[in-house]
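Residue strings, one per chain:
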Amino acid sequence: MSSLSRELVFLILQFLDEEKFKETVHKLEQESGFFFNMRYFEDMVTSGEWDEVEKYLSGFTKVDDNRYSMKIFFEIRKQKYLEALDKRDRAKAVEILVKDLKVFAAFNEDLFKEITHLLTLDNFRENEQLSKYGDTKSARSIMLAELKKLIEANPLFRDKLQFPSLKNSRLRTLINQSLNWQHQLCKNPRPNPDIKTLFVDHSCGQPNGARAPSPVTNPLMGAVPKAGGFPPLSAHGPFQPTPAPLPTSLAGWMANPSPVPHPSASAGPIGLTAPNNAAAILKRPRTPPANNPAMDYQTADSEHVLKRAKPFGLSDEVNNLPVNILPVAYASQSHGQSSYSSDDLPKNIVMNLSQGSAVKSVDFHPMQQILLLVGTNIGDAMVWDLGSRQRIAQKSFKVWELSSCSMPLQASLANDYTVSVNRVMWSPDGTLFGVAYSKHIVHLYSYHGGDDLRNHLEIEAHVGNVNDLAFSYPNKQLSIITCGEDRLIKVWDAATGNKQFTFEGHEAPVYSICPHHKETIQFIFSTATDGKIKAWLYDNMGSRVDYNAPGHSSTTMAYSSDGARLFSCGTNKEGESHLVEWNESEGAVKRTYHGLGKRSVGVVQFDTTKNRFLAAGDEFAIKFWDMDNLNPLTSIDADGGLPASPCIRFNKEGILLAVSTDDNGVKILANAEGIRLLRTMENRIFDPSRVPPGSVLKAPAIGTFGSTNATVGTSIGDRSAPVTAMVGMSTDNRNVVDIKPRIADESVEKSRIWKLTEINESSQCRSLRLPDNLTPMRVSRLIYTNSGLAILALACNAVHKLWKWPRNDRTVKATASIMPQLWQPASGILMTNDISDLNPEDAVPCFALSKNDSYVMSASGGKISLFNMMTFKTMTTFMPPPPIATSLAFHPQDNNIIAIGMDDSSIQIYNVRVDEVKTKLKGHQKRITGLAFSHTLNVLVSSGADAQLCVWSTDGWEKQTSKFLQIPTGRVASPIADTRVQFHLDQIHLLAVHETQIAIYEASKLECLKQWFPREASGPITCATYSCDSKSIYVSFEDGSIGVLTASHLRLRCRINPAAYLPPNPSLRVYPLVIAAHPLDPDQFALGLTDGGVHILEPLETEGKWGTSPPVENGAGPSTTSGATGSEQPQR
């Protein structure tokens, strides 16, 4: 339909509304799909006309169009379902569940199960997330506010939420004008003609010689404005024809984008699958309109999506879409309002750092915001600590292995050894940085804090200049991308230096690269000095885009830090510079910013910050723009001394700005927040061994809508040479400490003498004591939730404590890098176990957590309690003493079946649903201290204070075998020492933990395969557990130390001494009583201490793991003898 036809529909809509044809108006709105009447939609939702609501929506979107649409329909159907439950109309609720909500089961089965579970509750408000559900009216009001935000954010509703600004009765006016024109054309026009039809052109029947009256003074048809018409939009000016609705794919550049601007802006997944046609992701874009700075329309990629606080609902999976969304900007809408002002820009000069040579490139550390990396024109790369204003590390250019270089490079270096840095860049986690030089080579250094820079990789990447480098994350593996004078783009493994891809196709030197991703699709933009832009997937299929940069300029490209908006800035050979925003959906320039010089000296460099501002170094100054305004916001010269086209770079938070100077220096500019940051850091002592926080182990969850903080903002650095973007986070599991350049002799690596890793200081690991405002009491039991986002502790006073990490883009699991919250429900109640007359200090606390983290079963010497983990309410209590429960375990196939170990040495198999003890198992001589099920072997293994293990069949509950632990000679065990058991991931091998030893058994026959005995100086073992991958065993000791064993051969590879995580306090003896392993991260564990503290420990990002296993050739290999034993090897 042409734009005029579209406008005619709006005129008809206005006419029908003025004539009060209400049903027809809304029918036309729906059928045309041109205007979504939010007021009408609100009325239907408020009155609960659910069928009409969905029918009206169907004219604009379907359930599976995108994630916003899915969330809109889900919220409506969920509300309809809850209202049926609230009316206790179970039949209606079941019908809604089956007909309306079942469609969402394909995307999130667990969510559907939880919704179904509400049918079993007398009042669905018992569910914690629905506990604040009020009456129907208030619930609809809350939902409506959320729906409006989702609709505003949905790209399919773009330009459909505002009615054009029309004068009243515009259609009547046009008809009047037409009739007047017809009347003026009459040969013999009559005064005051009688118009009887509009079906044929007007013609006066009799001549009278009069001219037609003016329509202004004597309208032929009266315009009758009526109340309740469509609201005028005078503030927005005339309504502009809108482009055709965008396809769900990124039409111009990409074929399968995320409807959300970037994965980092979304929350937990309902389960939409990733696009499966990766090969067709890019296509040739249409040519954009030339010289059209007025193009200023919004696209699906220019939304600013923010996370929201979760309203009432079922779970994080239910509320899985961001809805705290800024109102979408429509065509011709003013962008004057902003949550930021120019005062937020860093414009105050706080320091000038002399480099000694011309600065070519700068980059702030992604984690430690006061660390600045600088590259110069004589090949120097330096790290500055802005807090102390000290250069804390430096590397000058030197070929590490000249004999390994190509002959052209050797010849070039022999003739002239001087080299310039073209580009410096930190890896996304800050553990590596890359340096691109003007001759062939890229150097990667590993950074360990302070002045500790170590050679990591030397790559002869290109012939001639290496113009740019960037880090990316294809195939869940950290890679480095380079481009050069030889017209090639190459991708290298950042751990090994192996080349992964070579992209050919440019006809001029490749100037810059910009890697990015949409959902699961990873790609690279590249620009060349002839102004060509190309795009590549990580395959060998060639370029997917062949396109001209504005002005055919040497261009750099960068995304805003949220990944939602794409910008480029470049300068052509004539000195004309162009700063533009791209419409990715159309492959066209969306807006061109004004204010850059027409005769720029050198290529203008730029950067983005706060998803709001642009900055460029031009005409001896720094120029700033609001992203939504074409004209410059402000310009500063930083008190002079800047080169014509200075390098500029914001830090991650946008509170500091580095700019190169004409006198071989770097000026640091700050806003008020930046000044405060620097003042707080000025007097601190820099810790050279402290490694920046971050996550180097886990890949981002690309492809789901949500959860992951996976991507570092793709903003660009400042340089004379090319610029690029950082994408992703490293999942590199290497031990950076021991990595050598790829040219190193492997035989030397293999012959290196193994040494036990000793961690003696807090700077050698990451640890976090969890906040606690409750009474500190000895921690008796500790466990991570199955989601990995919370930790549950049971103290000796029978009180449970639950710490939760926020589920957002930065946090996908518990971590020592982010402080969690000691969580309590709004009611403020605590989960407190029943306590008998027994002294709580003498009780043996125990608990078990259900698979879905919804319930915890717990006992502290009294009755067993079953708690709701979301409300902390006690669901039921059972099994009053005596005997006293001392160990608990859920049956793996049936959560209603519980194994309960007692202090009278019996084991009771209890059915919670029918409140019945099915059977009692007897075979131990002392209290039960451990229970573990194997769903593979269909057995229950029990352990007791008698140091005995028993195996029971879960089919008939008969005992299959039993065996006592082998206490080492000379060791005297406590008569009531706990013995714990845990199954390996394979469900066949069994870990047995006793104060005297760690032992591995083949469970079905209780054949002891290996034993490990600690050194006496460590004191007794207090606890031990497998890591989540069962490759390591974490062991805690009474002296406060923790050992990390390689599970396959029970060899100690790392010892963490208490000084590494505990503050010195000679008067207080503190040590771990319990240890828990993270369910998803094999290198994270938590400790519960005697002083009531709970600590999380993780290795440094640079290490990635706890030490290295002893090599076989050093005599530390696995024993092949059944029942072989070994003591803790001495440190070597």
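Just so you know, these numbers come straight off a predicted model, no measurement behind them. Each chain has its residues counted from 1, running along the sequence as written. Reporting in this predicted model follows two pLDDT cut-offs: at least 70 for local features of residues, and 80 or more for side-chain atom pairs to be given and counted; totals over whole chains, interfaces and linings ignore these cut-offs and use all residues. Water and hydrogen atoms play no part in the side-chain values, which are based on all heavy atoms of the structure.

Colleague: Before we move on, can you summarise the overall build of the protein chain with the specific residues and values?
Modeller: Helix and strand labels come from DSSP, where a helix needs a run of H or I of at least four residues and a strand needs a run of E of at least two; each type is numbered from the N terminus. Scanning the protein chain from N- to C-terminus turns up 12 helices and 61 strands. Relative accessible area decides the class of each residue, using a 1.4 Å probe on protein chains only: under 20% of the type maximum gives buried, over 50% gives exposed, and in between gives partly exposed. In the protein chain, which comprises 1132 residues, the share counted as buried stands at 58%. Residue contacts follow a heavy-atom distance rule, with two residues in contact if any of their heavy atoms lie within 4.5 Å. Across the protein chain, every contact between residues at least 6 apart in sequence was considered, and the portion connecting residues at least 24 apart equals 60%.

Colleague: Could you give me a rundown of the side chain of Asp853, with the residues and numbers involved?
Modeller: Take Asp853: it is sitting in the loop between β38 (846-849) and β39 (855-859). What qualifies as a polar contact is a pair of N or O atoms within 3.5 Å, subject to a donor-acceptor requirement within protein and to the restriction that residues adjacent in sequence count only when both atoms come from side chains. Reaching out from Asp853, the side chain makes a polar contact with the backbone nitrogen of Asn786 at a distance of 2.8 Å. Excluding residues within four positions of it along the chain, Asp853 makes contact with Thr785, Asn786, Ser787 and Met869.

Colleague: Can you explain unusual backbone geometry? Please cite residues and give values.
Modeller: A negative phi holds for most residues other than glycine; trans holds for most peptide bonds. With an omega of -5 degrees, the peptide bond running from Pro881 to Pro882 counts as cis. As for its position among the elements, Pro882 is in the loop between β41 (874-878) and β42 (885-890). Backbone torsion omega between Pro882 and Pro883 reads -10 degrees, so that peptide bond is classified as cis. Turning to its location among the elements, Pro883 is positioned in the loop between β41 and β42. Despite not being glycine, Glu619 shows a phi value in the positive range, around 55 degrees. With respect to the helices and strands, Glu619 occurs in the loop between β25 (613-618) and β26 (621-626). A positive phi angle, near 65 degrees, is found at Phe872, a position not held by glycine. Looking at where Phe872 falls in the secondary structure, it is placed in the loop between β40 (864-868) and β41.

Colleague: Quick rundown of the nonpolar core? Include the residues and the values.
Modeller: The tendency in soluble globular proteins is for nonpolar side chains to be buried as a group. Residues belong to one nonpolar core when they are buried, are Ala, Val, Leu, Ile, Met, Phe, Trp, Tyr or Cys, and are joined through side-chain atoms within 4.5 Å. By size, the foremost hydrophobic cluster in this structure holds 46 residues, and its most contacted members are Phe36, Phe41, Leu57, Tyr81, Leu101 and Phe157. Among the elements of the structure, α3 (38-47), α4 (50-57), α5 (67-86), α6 (90-101), α7 (109-117) and α8 (136-153) are those that each provide at least two residues to this core. For this core, the element with the most residues is α5, which contributes 10 residues. Excluding residues within four positions of it along the chain, Tyr81 makes contact with Ala93, Ile96, Leu97, Leu101, Ile115, Thr116, Leu118 and Leu119. In terms of nonpolar packing, the next biggest core, distinct from the first, is built from 27 residues, Phe471, Ile481, Ile489 and Val491 among them.

Colleague: Summarise the pairing of strand β58 (residues 1072-1077); cite the residues concerned and give the values.
Modeller: Counting buried positions along β58 yields five of six residues, so the element is predominantly enclosed. Strand pairing is assigned whenever DSSP identifies at least 2 bridges connecting the two strands. With five bridges joining them, β58 and strand β59 (residues 1085-1089) adopt antiparallel strand pairing. Paired with Pro1072 across the bridge in β59 is Leu1089.

Colleague: If you had to explain the sheet that holds strand β30 (residues 665-670) to someone new, which residues and values would you point to?
Modeller: As summarised here, the arrangement of the four strands in space is β3-β30-β29-β28, forming an open sheet in which the pairing is antiparallel. This sheet does not close on itself; its edge strands, each paired only once, are β3 (348-354) and β28 (648-650). Shown here is a sheet whose adjacent strand axes are inclined to one another by a mean of 20 degrees, direction ignored. Pairing of β3 with β30 involves six bridges; the strand directions are antiparallel. Looking at β30, one finds that Ile349 is bridged to Leu669. Axis definition: a line fitted to C-alpha atoms, over the contacting stretch in the case of helices. Angles run 0 to 180 degrees between N-to-C directions.

Colleague: Residues and numbers for the pattern of salt bridges, please.
Modeller: In what follows, salt bridge is the name for a side-chain nitrogen of Lys or Arg lying within 4 Å of a carboxyl oxygen of Asp or Glu. Across all of its chains, the model carries 38 salt bridges by this definition. Salt bridges linked by common partners bring Arg565, Glu581, Lys590, Arg591, Arg612, Asp626 and Asp628 together as one network.

Colleague: With reference to specific residues and values, describe a nonpolar patch on the surface.
Modeller: A cluster of nonpolar side chains, contributed by Leu198, Phe199 and Val200, occupies part of the molecular surface with about 380 Å² of accessible area. Looking at the element boundaries, Leu198 is found in the loop between α9 (170-185) and β1 (305-306). According to the relative accessible area criterion, Leu198 is partly exposed, its value standing at 46%. The residues that make up patches have over 30% relative accessible area and no salt bridge, and they are joined within 9 Å when like-charged or within 5 Å when they are Val, Leu, Ile, Met, Phe, Trp or Tyr. Every accessible area reported is derived by Shrake-Rupley at a probe size of 1.4 Å, with residue values counting cover from the shown protein chains alone.

Colleague: Outline the environment of Trp803, listing residues and values.
Modeller: Mapped onto the fold, Trp803 is located in strand β36 (residues 800-804). Note on Trp803: relative accessible area 1%, which makes it buried. Taking the C-alpha atoms as reference, Trp803 lies 6.0 Å from Pro820; in sequence the two are 17 residues apart. The contact partners of Trp803, leaving out residues within four places of it in the chain, are Leu770, Pro771, Asp772, Leu789, Ala790, Ile791, Ala793, Pro820, Gln821, Leu822 and Val1094. Within the local environment of Trp803, its side chain forms a polar contact with the backbone oxygen of Pro771, the two atoms lying 2.5 Å apart.

Colleague: Break down a negative patch on the surface for me, with residues and values.
Modeller: The charge count includes Lys and Arg as positive and Asp and Glu as negative, but it does not include His or the ends of the chains. Lys charges are placed at NZ, Arg charges at CZ, Asp charges at CG and Glu charges at CD. A cluster of acidic side chains, namely Glu23, Asp43, Glu49, Asp51 and Glu52, defines a negative patch on the protein surface. Structurally, Glu52 is set in helix α4.

Colleague: Give me α6: which residues, what numbers.
Modeller: Taken residue by residue, α6 has Ala93, Ile96, Leu97, Asp100 and Leu101 as its buried positions. What you see down the axis of α6 is that its buried residues fit within an arc of 115 degrees, all on one side. Among the exposed residues of α6, those oriented more than 90 degrees off its buried face are Ala91, Val98 and Lys99. Looking at the buried positions of α6, the neighbouring elements they touch are α5 and α7. For this quantity, the arc is that covered by the directions from the helix axis to the C-beta atoms.

Colleague: Please set out the packing of aromatic side chains residue by residue, giving values where relevant.
Modeller: In this scheme Phe, Tyr and Trp rings, the latter by its six-membered ring, pair at centre separations within 6.5 Å, and the angle between planes marks the pair as stacked below 30 degrees, edge-to-face above 60, and tilted otherwise. Applying the stated criterion across every chain, the model contains 29 aromatic pairs. The interplanar angle of 70 degrees and the centroid separation of 5.7 Å between the aromatic rings of Trp400 and Tyr445 together place this pair among those described as edge-to-face. Residue Trp400 is found in the loop between β7 (390-395) and α10 (407-415), and its partner Tyr445 is found in strand β10 (residues 441-447); the two are separated by 45 residues along the sequence. For the pair Trp400 and Tyr445, a shared accessibility class is recorded, and that class is buried. Here the aromatic rings of Phe501 and Tyr538 are separated by 6.0 Å at their centres, their planes lie at 65 degrees, and the arrangement is edge-to-face. Taken together, the positions of Phe501 in strand β15 (residues 499-503) and Tyr538 in the loop between β18 (532-537) and β19 (545-548) put the pair 37 residues apart, joining distant regions of the chain. For the pair formed by Phe501 and Tyr538, the shared burial category is buried. Joined through ring pairs, the aromatic side chains of Phe36, Tyr40, Phe41, Tyr56, Phe60 and Phe157 make up one cluster.

Colleague: Hey, could you go over the packing of α3 against α4 for me, with residue numbers and the actual values?
Modeller: Here α3 crosses α4 at 150 degrees, and the two axes come no closer than 8 Å. In terms of orientation, α3 lies roughly antiparallel with respect to α4. Considering the relative orientation of α3 and α4, their crossing is left-handed. Facing Tyr40, Phe41, Met44 and Val45 of α3, the residues of α4 in contact are Trp50, Glu52, Val53, Tyr56 and Leu57. Put simply, Ala, Val, Leu, Ile, Met, Phe, Trp, Tyr, Cys and Pro go in the nonpolar bin, Asp, Glu, Lys and Arg in the charged bin, and everything else, Gly too, in the polar bin. Considering only residue class, the contact of α3 with α4 consists of eight nonpolar, no polar and one charged. Convention used here: angles under 35 degrees read as roughly parallel, angles over 145 as roughly antiparallel, angles from 65 to 115 as roughly perpendicular, and any remaining angle as oblique. Should the near helix be turned counterclockwise from the far one by less than a right angle, the crossing is left-handed, whereas a clockwise turn marks it as right-handed.

Colleague: Talk me through the pairing of strand β27 (residues 632-636); I want residue IDs and the actual numbers.
Modeller: Across four bridges, β26 lies against β27 in antiparallel orientation. Within the sheet, the bridge partner assigned to Lys623 lies in β27 and is Ser635. In sequence, β26 turns back onto β27 through a hairpin of five residues.

Colleague: For helix α2 (residues 22-32), give the residues involved together with the corresponding values.
Modeller: Each turn of an α-helix holds 3.6 residues, which means side chains three or four residues apart point in the same direction. Among the residues of α2, those classed as buried are Val25, His26, Glu29 and Gln30. Take α2 and look down its axis: the buried residues cluster within an arc of 130 degrees, on one side only. Away from its buried face by more than 90 degrees, α2 exposes Glu23 and Glu31. Gly33 sits one or two positions beyond α2 and adopts a positive phi of about 70 degrees.

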